[in-house]
Amino acid sequence: MFRILTEEKNVEQVKATLIGLGLDFTLYRARGSWHGQEENSLAIELDNISRNLAESTARTIKSINEQEAVLLQEIPVISKLI
C-alpha cells in the first residue's frame, strides 16, 4: 500500500485526478505540519498499484498543489477483499 501525504488544497482536482487515473483510493482529512507550520492535510491511501504509478501520482499531486514536496510512504500490507 502507498500513502501520499499532502496539504489539503485543490481537493476536488486531486480526487478527479485519482479517478481519472483509474485508482481506487481512501482519503483522510488530517492536521499536520510542514517546517513547523501546522496545516490541514490529506492522507491518500492507494492499494494494488506499482511503485512507479504511486510516484507518478505523488508528483502530479505535488504539481497540482504547487508544493515543494509531498510525502510518499510505502507500507507493507496484505489486502484481501471479502
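See the structure shown above.
**Remarks on the layout of surface pockets**
Roughly 210 Å³ of volume is contained in the largest pocket. Lining the largest pocket are 16 residues, and of these Leu5, Thr6, Ser33, Trp34 and Glu39 sit closest to its centre. Sorting the residues of the lining of the largest pocket by element identifies strand S1 (2–7), strand S2 (25–34) and strand S3 (37–46) as the ones contributing at least two each. Here the lining of the largest pocket gets five residues from one element, more than from any other, and that element is S2. Of the residues belonging to the lining of the largest pocket, the class tally is eight nonpolar, five polar and three charged.

**What about the packing of helix H1 (residues 11–20) against helix H2 (residues 51–64)?**
Between H1 and H2, the shortest axis-to-axis distance is 10 Å and the interhelical angle comes to 155°. In this view, H1 runs roughly antiparallel relative to H2, as classed from their interaxial angle. Of the two elements, H1 crosses H2, and the hand of that crossing is right-handed. Counted together, Gln13, Val14, Thr17 and Leu18 of H1 and Thr57, Thr60, Ile61 and Ile64 of H2 form the full contact between these two elements. A per-class count over the contact of H1 with H2 returns four nonpolar, four polar and no charged.

**Side note on unusual backbone geometry**
In this structure, Asn48 is a non-glycine residue whose phi angle is positive, near 60°. Mapped onto the elements of the fold, Asn48 is located in the loop between S3 and H2. Residue Asn48 is classed as exposed on the basis of its relative accessible area of 73%. Non-glycine residue Glu66 carries a positive phi angle of around 50°. Take Glu66: it is sitting in the loop between H2 and strand S4 (71–74).

**Section: the side chain of Thr6**
Take Thr6: it is sitting in strand S1. A polar contact of 2.4 Å, which involves the side chain of Thr6, links it to the side chain of Gln67. Ignoring sequence-local partners within four residues, the contact set of Thr6 consists of Ser41, Leu42, Ile44, Ile61, Asn65, Gln67 and Val70.

Reading guide: rules and limits
- Think of each chain on its own: its residues are numbered from 1, step by step along the sequence as written.
- pLDDT decides what is reported in this predicted model: residues at 70 or higher carry local features, side-chain atom pairs at 80 or more are listed and counted, and totals for whole chains, interfaces and linings draw on all residues regardless.
- In computing side-chain properties, one takes all heavy atoms of the structure into account and sets aside hydrogens as well as water.
- The definitions used throughout rest on a 1 Å grid laid over the protein atoms alone, on which a cavity is an enclosed set of points accommodating a 1.4 Å probe that cannot get out and a pocket is an open set flanked by protein within 12 Å on both sides along at least five of seven lines; lining residues are those having an atom within 4 Å of a point.
- Grid points are joined across faces, edges and corners, and a volume is the space filled by probe spheres set on the points.
- A run of H or I in DSSP counts as a helix once it spans at least four residues, and a run of E counts as a strand once it spans at least two, with each numbered from the N terminus.
- Each residue receives one of three labels: charged for Asp, Glu, Lys and Arg, nonpolar for Ala, Val, Leu, Ile, Met, Phe, Trp, Tyr, Cys and Pro, and polar for the others, Gly being one of them.
- Between N-to-C directions, angles span 0 to 180 degrees; the directions come from axes that are lines fitted to C-alpha atoms, helices contributing only their stretch in contact.
- Each angle is binned into one of four classes, with values under 35 degrees roughly parallel, values over 145 roughly antiparallel, values of 65 to 115 roughly perpendicular, and all other values oblique.
- What makes a crossing left-handed is the near helix being turned counterclockwise from the far one by less than a right angle; a clockwise turn instead makes it right-handed.
- Contacts are residue-level and defined by heavy atoms, with any inter-residue pair within 4.5 Å sufficient.
- Buried residues are those whose accessible area, probed at 1.4 Å on protein chains only, stays under 20% of the maximum for their type, while exposed residues exceed 50% and partly exposed ones sit between those limits.
- Counting of polar contacts relies on pairs of N or O atoms within 3.5 Å, with two restrictions inside protein: one atom must be capable of donating a hydrogen and the other of accepting it, and residues adjacent in sequence are counted only when both atoms are side-chain atoms.

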